Amino acid sequence: MTGAPPDTLPTPLSLPLPYPVYCGADVRQSIGEIARLVAPSHRVAVISDTAVAPLYAKSIAAQFPTESTHLFTIPPGEHEKTRARWAELTDALLEWGAGRDTTVIAVGGGVIGDLAGFVASTYMRGLPVIQVPTTLLAMVDASVGGKTAVDTPFGKNLVGAFHNPSAVVIDPDVLVTLPDNVLRSGLAEMIKHGVIADAPYFDAVLSFADAIREHGGGAPDFVAAITMLITGSVRIKADVVAEDTREGGLRQILNFGHTIAHAVERVLNFELLHGDAVAMGMVAEARIAESIGLARAGLAVGIADAVVRAGLPARMPAGLNLDEVIAATHGDKKARGGAARFSLPRAIGEMESAEGTWAVAVPDDLVRAALMEK
Ligand code: NAD
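None of these values were measured; they are calculated from a predicted model.

### Some remarks on the overall build of the protein
The helix and strand inventory of the protein stands at 13 helices and 12 strands. Over its C-alpha atoms the protein spans a radius of gyration of 20 Å, differing by no more than 12% from the 21 Å that the globule rule assigns to 374 residues. If one aligns the C-alpha atoms of the protein with their principal axes, the spans along those axes are about 60 × 45 × 35 Å. Here the protein, with 374 residues, has 58% of them falling under the buried criterion. Within the protein, contacts between residues at least 6 apart in sequence are counted, and of these 77% link residues at least 24 apart.

And the structure:
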């Protein structure tokens, strides 16, 4: 691999994770050196989508020797996070002759991170993967924690594996090309991090959301402000994941808003942005928390206000088939014995532990009432 000497390497964040997370403006220029350090290999397979490839993945691939590097692309979008694309990418790697001495570099949003991560986790029983998230959502959430998956017609992320990256490289400079709606969708997961663990962080995200609403990605000091917040989110996620890597308990709190979000996404055939679905899901699940007496009245309104301030939808889409949504919640990974379970907040910054299970069974009629509320 090519690149400058290792003493020019950026410093990773100090986190309780078994792999380094680098975060800072222009850090993507050091991916060649980082890969040589954390996952030295004979070949490099860069996986991206056709929108991100010309913007960033091509120049990242160019940091490695041409003869042993290949850029694989798929079309963008959630519809592409499938077993068919997993098979296609796997076959392309086989045809190219990739062996166990290959490092995968995933350059893109959460779709590419999850799909390329899953390809890496299964290819010849596991290749190292470096996650290079290029959406806000993937930076603050999807790239950290080692979850990889594809969707199926039965629901989201139902086929996958835990496969930690060898490194995560977060360069906030790439956010300037992100469409405004995709940028805002990332704010949903940041709001979630505030709700599940950190009230001051929740407030900081909202102040930033105000600036984004007014100025979009051109907000004053955008990169400096967003870098600080990304670091805050990654820290919250890392703390949770470090305690419960395989989602046996505490890690379920990262699912706040997601039982309903995943159900709505499935019913709407994955046409929604994930962050938009999470925003609606958080509001509905906060209503459930109030209705079963876990949270004080007012929490759901507070979260709905936050979501609206971030320019995200707080209400379910008109005409949504609630029977289908409720049926889809029963297929969630947290469901037990056919009953839907939810990770629910008691207050901003505090989640219900449910005696260490961090997930509460909720009857369908209460879920329906929360979905119907305007
Ligand atoms: P995405 O990956 O579909 O990206 C959204 C769009 O932005 C795509 O069209 C992409 O081409 C484009 N794009 C990406 N980076 C860009 C850039 N810098 N400039 C211009 N365009 C750019 O969507 P997403 O919101 O990043 O990810 C959603 C996925 O992440 C979902 O599948 C969700 O399940 C998954 N996810 C996974 C985890 C996890 O822990 N593994 C956590 C949260 C979400």
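There is more to say after this.
### Quick look at the sheet that holds strand β3 (residues 69-74)
Pairing is parallel in the open sheet, where 6 strands are placed in the order β1-β8-β5-β4-β2-β3. The two strands at the open ends of the sheet, each matched to only one other strand, are β1 (21-23) and β3. Across the sheet, the axes of successive neighbouring strands diverge by a mean angle of 15°, strand direction being ignored. Sheet topology note: the strand β5 (residues 129-133)/strand β8 (residues 167-170) ladder contains 2 bridges and is parallel. Within β8, the position partnered with Ile-130 by the bridge is Ala-167. Along the sheet face, helix α2 (residues 52-61) touches β2 (43-49), β3, β4 (102-108) and β5 and points at about 170° away from the line of β2.

### Focus: the site of the ligand
Around the ligand lies a shell of 28 residues, among which Asp-49, Glu-78, Thr-134, Thr-135 and Thr-177 are the nearest. Between the ligand and the protein, one listed contact pairs an oxygen atom with a side-chain N or O atom of Glu-78 at 2.7 Å. At 3.4 Å from an oxygen atom of the ligand is found a side-chain nitrogen or oxygen belonging to Lys-237. Of all elements in the fold, only α2, α4 (110-122), α5 (136-142), β7 (155-162) and α6 (180-197) reach the threshold of two or more residues within the shell around the ligand. By residue class, the composition of the shell around the ligand is 12 nonpolar, 7 polar and 9 charged. Both domains that meet at the shell around the ligand, namely domain 1 (21-175) and domain 2 (179-218 + 245-372), each give it at least three residues.

### Structural notes on the packing of α6 against helix α7 (residues 199-215)
One way to put it is that α6 packs onto α7 with a least axis distance of 7 Å and a crossing angle of 160°. Taken together, α6 and α7 sit at an angle that is classed as roughly antiparallel. The chirality of how α6 crosses α7 is left-handed. When α6 is examined against α7, the residues Leu-183, Leu-187, Met-190, Ile-191, His-193, Gly-194, Val-195 and Ala-197 are found in contact with a partner set consisting of Ala-199, Tyr-201, Phe-202, Val-205, Leu-206, Phe-208, Ala-209 and Ile-212. Class assignment of the residues belonging to the contact of α6 with α7 gives a composition of 14 nonpolar, 2 polar and no charged.

### Comments concerning the pairing of β8
In β8, alternate side chains face the same way, and those of Ala-167 and Val-169 on one face and Val-168 and Ile-170 on the other are all buried. The pairing of β1 with β8 spans 3 bridges and is classified as parallel. Bridge pairing links Val-21 to Val-168 in β8.

### A few points about empty space enclosed by the protein
The full count for this structure, using the stated rule, is 3 cavities of 30 Å³ or more. Looking at the largest cavity, its volume works out to about 120 Å³. Among the elements that make up the lining of the largest cavity, the one with the highest residue count is helix α9 (residues 258-267) (4 residues). Broken down by class, the residue content of the lining of the largest cavity amounts to 4 nonpolar, 5 polar and 4 charged.

### Some thoughts on the packing of α6 against helix α8 (residues 222-243)
The packing of two helices is summarised by the inter-axis angle and the distance between the axes. Two elements in contact, α6 and α8, have axes whose closest approach is 10 Å; the angle formed by their N-to-C orientations is 45°. The orientation of α6 relative to α8 falls into the category oblique. The crossing of α6 and α8 is left-handed. Contact residues: Leu-183, Met-190, His-193 and Ala-197 in α6; Phe-222, Leu-229, Ile-230, Ser-233, Ile-236 and Lys-237 in α8.

Cut-off values and rules
Residues numbered from 1 in each chain as written. Predicted model: local features only at pLDDT ≥ 70, side-chain atom pairs only at ≥ 80, totals over all residues. Heavy atoms only, no water. Helix = DSSP H or I, 4+ residues; strand = E, 2+ residues; numbered from the N terminus. Rg over C-alpha atoms; globule rule 2.2 N^0.38 Å. Buried < 20%, exposed > 50% of the residue type's maximum accessible area, 1.4 Å probe, protein only. Contact = heavy atoms within 4.5 Å. Pairing = 2+ DSSP bridges. Axes fitted to C-alpha atoms, helices over the stretch in contact; angles between N-to-C directions. Near = heavy atom within 4 Å. Polar contact = N/O pair within 3.5 Å; in protein donor to acceptor, adjacent residues only side chain to side chain. Nonpolar A, V, L, I, M, F, W, Y, C, P; charged D, E, K, R; others polar. Domains from an automatic or database assignment. Parallel < 35°, antiparallel > 145°, perpendicular 65-115°, else oblique. Left-handed = near helix turned anticlockwise from the far one by under 90°. 1 Å grid on protein atoms, 1.4 Å probe; cavity = no way out; pocket = protein on both sides within 12 Å on 5 of 7 lines; lining within 4 Å. Points joined across faces, edges and corners; volume = space filled by probe spheres on them.

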